[in-house]
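Close look at the chain arrangement
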Amino acid sequence: MRCITTPENMLSPEGAFGGNPLFYWIYGLAAHLVPCWLAYVIAGLVIMLILINAVLLGAAIVSWGERRLLGRFQNRVGPNRWGPFGALQPIADLTKLITKEDIIPYGADRLAFTAVPVIMVSSLLVATAVIPFAKDVALVDLNVGVLFILAVSSLTSIAIFTAGWASNNRYALFGAGRAVAVLISYEVPVVLSLLGVVVVAGSMSLGDIVVAQAVPFFLVQPLAFFVFLAGMSAELNRTPFDVAEAESEIIAGYHTEYSGIKFALIQAAEFGGALFVSGLIATLFLAGWAGPVADWLGWLWFLIKTFIGIFLFVWIRSTFPRLRLDQIMAVCWKFLMPLSIINLAAVVLEVYFLRDASGTLSTSDLWIMAGINMVVAVVSIAFFGRIIRQKIRNSSRTMTASAPMVRGVPTIEVG
Amino acid sequence: MWFEQVVFWALAVVAIGGAVGVVMVRDLFRAALLLATVFVAVGGFYVMMNAEFLAVVQILIYVGAIAVLFIFGVMLTRDVRQGNTPNRLQIPAALVSVLLLAAMLFTAVTTDWTTLAGLGLESQSQIAQTQAVGIPDASSLAASGLSAQEVESIAGGGLADLLIGEFVLPFEAVSLLLLAAAIGGLALARGRGR
Amino acid sequence: MSLESMLVIAAVLFCIGLYGALARKNFIAVLMSIELMFNGVNLTLVAMGRWVAPYAVQETLSAVLTGQVFAVFIITVAAAEIALGLGIVFAMFRTNESVDLTDAAAMRH
């Protein structure tokens, strides 16, 4: 039987890799030697292997780059011993972690304890599948892409809770409780801000969202960009919101008991998560691979924009002091929530009045929206910022203990 | 399609094994984790039945929110490791379930279903179902050999169109229910002292 | 994979859930079993939508999505149910210091 190798025929509902030119190339090559179905499987595995390695290598590079950048921000050098500018530092770290003893604490739930790093890394890798790295280069361009990313990354919260519980350690449980409370709360403004993006783009597929950005969405919806950035640095447990692993309070949070290769995997998932979210910001708000000569240099623009995202995160991390858990909750529900709702309402109204008969928006429409939304963003951030500053100042005066969540936990017997 | 069969039976084993685990395992925390596994497997079934949107919603709501809430609740049990104990009704409950299962299996297998394939609507209906988000995706368009306009005339606006159009009354009722549940949950959890 | 096999799996899930809901002592375990039953029902609805031709399909083909619409409603109701159920669990824990249903037999607080 002859194999079908043209893209048009491969685009069947079963053809999960539809639209990926590299896939067809490998598939066509392999089809000369082996049966069709095996060629299909081989091509798929090769693509996935490339993606997985790219993400994990990227995580290693991010871990080095973040430490270097943080060093610069804090007026010191950062890792500079091994390799040029210390660039081989992640390899040294990894070698150390792999060769260390892998300890499972006494009384821990072995199975769940071991499953956690696996779930964290695999959910990250699965979520990466829908990000378009260049024009038409995504593992799969789902028509529910944005929802898919939200769904898969929500697996993290269950993994974190499992880590906290299975470690049989009180600090791990505190950290997990805090992390999950933050994750669940910040899910709401993040989803609402993404809804604005989806409304303007008219599609949930990430490929279509990039195409729709004749004007990058961080200009069209500055509020959504702001809320998404803040919400995501909370979901990644990064510094202004990092009570979940606040080392001065609860050691290292939910991964206190992890060591050796499991700790390395959790770290990979964290840095990979930062990389993934930066890629998401690049795709959703900075127009992804779009740029001059996008057909050939799309990957370059995507990488540059991803780097901008990572830089923003490191910048935020090195600038702001840590908030308390109740302050984090206040910021989420009393500051980011109203902002995301205002953004959604403004965007929906603008799209309703500006779109033409076929329901599409022209570039000039997008510029008009950008102008209006800029004003809306400045006014509402100023207004709600004033309110939240008042609230936080008052709460620091009256509250001495921490948030209700933390007060509730110690009564429960662990193990 | 033997591949489809393999995936189907693997999912079936995971779903039913996990479900048995949920009601049989003594450790409540593990029961909650198994429940999350069952949810994921059910999501896999949705994908196999062309309901991709529903599969994503299933993972988002069931695994991302409901399973986590269950784990929060599990923390309240006095002895989590041995918490999932049966009550006196074990034997009657098993009897009732088995009888009901027998009745349902008998109905499912013996009924003469009027299927879409029987009416010759199989391929069109598959297109209609994958349009759940209202936007035809490239792969199903190419597979059907139809243009975007033709698919739209077959499928209409998809799930969203039905939700806001034909089923708008239940839709609003459900939103009201959610509001009531949110208020009720707050009132219950706050207690009367504070 | 066919309509019948899908219905069988849904029925098995539902009945396991029913057994759990009737025979477990712990309130959380009962709630989990109820979620299993919901999932069984959802599977049935989606399978029916996927294979069985409703009467309305003669007029408009989007009627095949009706099963999915109902599944969406059920997922929403399940979320509401869990929010309320956990509220009740917290209230029960405060009054009885226990979440076993056998301990909640008294009609006072």
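Parameters at a glance
Residues numbered from 1 in each chain as written. Chains lettered and ligands numbered in written order. Predicted model: local features only at pLDDT ≥ 70, side-chain atom pairs only at ≥ 80, totals over all residues. Heavy atoms only, no water. Helix = DSSP H or I, 4+ residues; strand = E, 2+ residues; numbered from the N terminus. Contact = heavy atoms within 4.5 Å. pLDDT = per-residue confidence, 0-100. Expected span 1.5 Å × (residues − 1). Bend = angle between axes of the 7 residues up to and from the residue. Polar contact = N/O pair within 3.5 Å; in protein donor to acceptor, adjacent residues only side chain to side chain. Buried < 20%, exposed > 50% of the residue type's maximum accessible area, 1.4 Å probe, protein only. Patch = residues over 30% accessible without salt bridge, like charges linked within 9 Å, V, L, I, M, F, W, Y side chains within 5 Å. Areas by Shrake-Rupley, 256 points an atom, 1.4 Å probe, with all protein chains shown as cover. Salt bridge = Lys/Arg side-chain N within 4 Å of Asp/Glu carboxyl O.

Moving on: the overall build of chain C. In terms of helices and strands, chain C carries three helices and zero strands. Along the chain direction, N to C, the helices and strands of chain C fall in the order α-α-α. In chain C, the share of contacts with a sequence separation of at least 24, taken over all contacts with a separation of at least 6, comes to 64%.

Once that is clear, we can look at the environment of L275 of chain A. Secondary-structure assignment places L275 of chain A in helix 13 (residues 260–285). Taking the C-alpha atoms as reference points, L275 of chain A and G58 of chain A, 217 residues apart in sequence, are found 7.1 Å from one another.

Moving on: the confidence of the model for chain C. All names here are of chain C. Of the residues in chain C, 86% reach a pLDDT of 70 or more, and the chain-wide mean stands at 82. Confidence scores differ between elements of chain C, with helix 3 (residues 66–96) showing the lowest mean pLDDT of 85 and helix 1 (residues 3–23) the highest of 90. Scored as a whole, the predicted complex attains pTM 0.84, and scored at its interfaces, ipTM 0.87.

Let us look at helix 8 (residues 170–201) of chain A. In an α-helix, one turn spans 3.6 residues; hence positions three or four apart end up facing the same way. Residue and element names in this part refer to chain A. Look at helix 8: 46 Å from first C-alpha to last across 32 residues, which is about the 46 Å you get at 1.5 Å a residue. The largest bend along helix 8 measures about 30° and falls at E187, with the proline P189 one to four residues further on. Of the residues flanking the start of helix 8, the one acting as N-cap is N169, its side-chain oxygen 2.7 Å from the backbone nitrogen of Y171. The first or second residue beyond helix 8 is G202, which carries a positive phi of 70°.

On to the side chain of E66 of chain A, then. Mapping E66 of chain A onto the fold places it in helix 3 (residues 36–73). Overall, the relative accessible area of 3% leaves E66 of chain A in the buried class.

To continue, consider a nonpolar patch on the surface. Together, W37, V41, L45, M48, I52 and L56 of chain A together with W2, F3 and V6 of chain B give the surface a local cluster of nonpolar side chains, amounting to about 920 Å² of exposed area. If you list the elements that add at least two residues to the nonpolar patch, you get helix 3 of chain A together with helix 1 (2–24) of chain B. Here the nonpolar patch gets six residues from one element, more than from any other, and that element is helix 3 of chain A. Within the fold, W37 of chain A resides in helix 3.

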